[in-house]
Amino acid sequence: MIPYGKQDIRPADLDAVLGVLKSDFLTQGPQVPLFEQRVASICKVPHAVAVNSATSALHLACLALDLKAGDWLWTSPITFVASANCGLYCGAKVDFVDIDPKSYNLCPKKLEEKLIQAERKGTLPKIVVAVHLAGQPCDMQKIHALSERYGFKIIEDASHAIGATYLGQPVGNCQYSNITVFSFHPVKIITTAEGGLATTRNTALAKKMQLLRSHGITRESEQMSHPPDGPWYYQQIALGFNYRMTELQAALGVSQLDRLNHYITKRRQLAETYNQRLEDFPVKLPFPSKESAWHLYIIRLETERHHISHRQVFENLRAANIGVNLHYIPVHTQPWYQQLGFKYGDFPEAEHYYQQAISLPLHPGLQEDEVEQVIQVLEESLSAV
Ligand SMILES: *Cc1c(COP(=O)(O)O)cnc(C)c1O
């Protein structure tokens, strides 16, 4: 099987993880702060808070931004469920903004229209989660301008986008957002097995996320209600969680970051090869981008032009051992969200996308002959009558 995504583990990664296993600290040692410093420096941002998943980072970001029962969180329907679930974790209500038909990211125009209506109804969102689908940054300038006008906070879900840039600046530097979240799941750009991280320019937000990732416990006397009872003392001053990243994960992350540039270059090259080879195919190619991290290479079948269904093309590729995938099933069509009142037809652009999209294999270990194999099976499928 040619998988759609796959981690790249090298001897340096093994050495890094083994080094931790032989050391005194398996958790809460020097590797996590080192990993945080490395990400912060790559993103040109003052604060980075590592946690055990991007899902946890999204939850902490919402809590730090004070999302509560009665508040609204808006995001794109074309994302992984975690981008929306984080709102539900906080007891808030979730709604979606339909996608832009070109970039497949949350559409700023539809966002503005929805904000105008919400202002009238008194249901403006507290948080908008902007998801950089496939590693292609959202139109952050427009979303940020709307946030100033309508007073919402912005979380960038950059789970696909470490190594991407936006207007020449690294994604994660939070120029147009309050917090940016990354994922280090094995299919993402770099991996820590499981793992996530939140960046911010705001010291208070960083401190709050640090507190909540470890039970709400502090050892800093200035945060305590009274002076410490003694050197053993700590205080729980908030209701937090155990969302900590381990030393093993952080060491793997530090080692993987050494190859971030290589990974992005490789992904861009492979995307370019696909672009060239698919130029004359009856498919819609991804939004052309020099800034994307190319986490995914998504094509859309122009289903009305083909004699073969989207599902049949997908099945043909899978039958030929090509691990294509579909990112994503629109979140509002999931039973959990239907049960909350969402219906088919609510976000037509997202639903149309879902009927046509296929993610082709794309990862740094993918060989040119494997790309050719993908192209060949796709060509055969599309020319079938
Ligand atoms: C992978 C992913 C997540 C969740 O990441 P985890 O680290 O697995 O929790 C959230 N949002 C998006 C867009 C993702 O792709």
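Residues numbered from 1 in each chain as written. Predicted model: local features only at pLDDT ≥ 70, side-chain atom pairs only at ≥ 80, totals over all residues. Heavy atoms only, no water.

### A word on the site of the ligand
(1) Moving on: In the neighbourhood of the ligand, 15 residues make up the surrounding shell, with Thr55, Asp157, His160, Ser183 and Lys188 lying closest.
(2) Moving on: Taking Ala54, its main chain carries an N or O atom lying 2.9 Å from an oxygen atom of the ligand.
(3) Moving on: Measuring from a nitrogen atom of the ligand, one finds a side-chain N or O atom of Ser159 at 3.3 Å.
(4) Moving on: Protein chains shield 93% of the accessible area of the ligand, which is 390 Å² for the free molecule.
(5) Moving on: A majority-of-atoms criterion places the ligand in the second largest pocket.
(6) Moving on: Counting only elements with at least two residues in the shell around the ligand, the list comes to α3 (54-64) and α4 (82-89).
(7) Moving on: A class-by-class count of the residues in the shell around the ligand yields 5 nonpolar, 8 polar and 2 charged. (Near = heavy atom within 4 Å. Polar contact = N/O pair within 3.5 Å; in protein donor to acceptor, adjacent residues only side chain to side chain. Areas by Shrake-Rupley, 256 points an atom, 1.4 Å probe, with all protein chains shown as cover. 1 Å grid on protein atoms, 1.4 Å probe; cavity = no way out; pocket = protein on both sides within 12 Å on 5 of 7 lines; lining within 4 Å. Sits in = over half its atoms within 2 Å of the grid points. Helix = DSSP H or I, 4+ residues; strand = E, 2+ residues; numbered from the N terminus. Nonpolar A, V, L, I, M, F, W, Y, C, P; charged D, E, K, R; others polar.)

### As for the layout of surface pockets
(1) Moving on: The computed volume of the largest pocket comes to approximately 530 Å³.
(2) Moving on: For the largest pocket, the lining is made up of 18 residues, of which Gln28, Gln210, Arg213, Ser214 and Ile217 are closest to its centre.
(3) Moving on: Going through the elements one at a time, α2 (31-43), α7 (203-212) and β11 (217-218) are the ones with two or more residues in the lining of the largest pocket.
(4) Moving on: Its residues assigned to classes, the lining of the largest pocket comprises 6 nonpolar, 6 polar and 6 charged.
(5) Moving on: If you add up the space inside the second largest pocket, you get close to 340 Å³.
(6) Moving on: In terms of lining residues, the second largest pocket is bounded by 23 residues, among which Phe80, Ser159, Ser183, His185 and Lys188 are the most central.
(7) Moving on: Elements represented by at least two residues in the lining of the second largest pocket include exactly α3 and α4.
(8) Moving on: For the lining of the second largest pocket, the element with the highest residue contribution is α3, accounting for 3 residues.
(9) Moving on: Here the lining of the second largest pocket is built from residues that sort into 8 nonpolar, 12 polar and 3 charged. (Points joined across faces, edges and corners; volume = space filled by probe spheres on them.)

### Some remarks on unusual backbone geometry
(1) Moving on: For the bond running from His327 to Tyr328, omega is 5 degrees, close enough to zero to count as cis.
(2) Moving on: In this structure, Cys174 is a non-glycine residue whose phi angle is positive, near 60 degrees.
(3) Moving on: Position of Cys174 relative to the elements: it lies in the loop between β8 (169-170) and β9 (179-183).
(4) Moving on: Judged by relative accessible area, which is 3%, Cys174 ranks as buried. (Buried < 20%, exposed > 50% of the residue type's maximum accessible area, 1.4 Å probe, protein only.)

### Structural notes on the packing of α3 against α7
(1) Moving on: In the contact formed by α3 and α7, the axes pass within 9 Å of each other and the chain directions differ by 125 degrees. Here α3 lies oblique to α7, going by the angle between them. Remark: the crossing between α3 and α7 carries right-handed chirality. Residues Leu60, Ala61, Leu63 and Ala64 of α3 touch α7, and the partners they reach there are Leu205, Lys208, Met209 and Leu212.
(2) Moving on: Broken down by class, the residue content of the contact of α3 with α7 amounts to 7 nonpolar, no polar and 1 charged. (Axes fitted to C-alpha atoms, helices over the stretch in contact; angles between N-to-C directions. Parallel < 35°, antiparallel > 145°, perpendicular 65-115°, else oblique. Left-handed = near helix turned anticlockwise from the far one by under 90°. Contact = heavy atoms within 4.5 Å.)

### Points about the environment of Ser381
(1) Moving on: Structurally, Ser381 can be placed in helix α13 (residues 368-383).
(2) Moving on: Placed 102 residues apart in sequence, Ser381 and Glu279 show a C-alpha to C-alpha distance of 16 Å.
(3) Moving on: Apart from residues no more than four positions distant in its own chain, Ser381 is found in contact with Ile308, Val313 and Asn316.

### Focus: the sheet that holds strand β16 (residues 357-360)
(1) Moving on: A sheet is described by the order of its strands in space; here 3 strands give the open sequence β13-β14-β16, paired in antiparallel fashion. Each edge of the sheet is formed by a strand with only one pairing partner; in this case those strands are β13 (283-284) and β16.
(2) Moving on: With 4 bridges connecting them, strand β14 (residues 297-301) and β16 associate as antiparallel partners. For Ile299, the partnering residue across the bridge sits in β16 and is Ile358.
(3) Moving on: Running over the sheet, helix α10 (residues 310-319) touches β14 and β16 and is turned about 15 degrees from β16. (Pairing = 2+ DSSP bridges.)

### Focus: the packing of aromatic side chains
(1) Moving on: Inspection of the entire model under this criterion finds 12 aromatic pairs.
(2) Moving on: Geometrically, the ring pair formed by Tyr104 and Tyr353 is tilted, given 4.8 Å between the ring centres and 55 degrees between the ring planes. Here the residue Tyr104 occupies a position in the loop between β4 (93-96) and α5 (108-121), and Tyr353 occupies one in helix α12 (residues 348-354), the gap between them amounting to 249 residues. Each member of the pair, Tyr104 as well as Tyr353, carries the same accessibility label: buried.
(3) Moving on: Measuring from centroid to centroid gives 4.7 Å for Tyr274 and Tyr297, while their planes differ by 25 degrees, and the two rings are stacked. Here Tyr297 lies in strand β14 and Tyr274 lies in helix α9 (residues 260-277), a separation of 23 residues in the sequence. Each member of the pair Tyr274 and Tyr297 is classed as buried.
(4) Moving on: A connected cluster of aromatic rings, assembled from ring pairs, spans Phe96, Tyr337, Phe342 and Phe347.
(5) Moving on: In this structure, Lys114 is placed above the aromatic ring of Trp74, and the distance from its NZ or CZ to the ring centre is 5.4 Å.
(6) Moving on: Against the face of Tyr150 rests Arg149, its NZ or CZ located 4.3 Å from the ring centre. (Phe/Tyr/Trp six-rings, centres within 6.5 Å; stacked < 30°, edge-to-face > 60°. Lys NZ or Arg CZ within 6 Å of the ring centre and 35° of its normal.)

Purely geometric numbers; function is a separate question.
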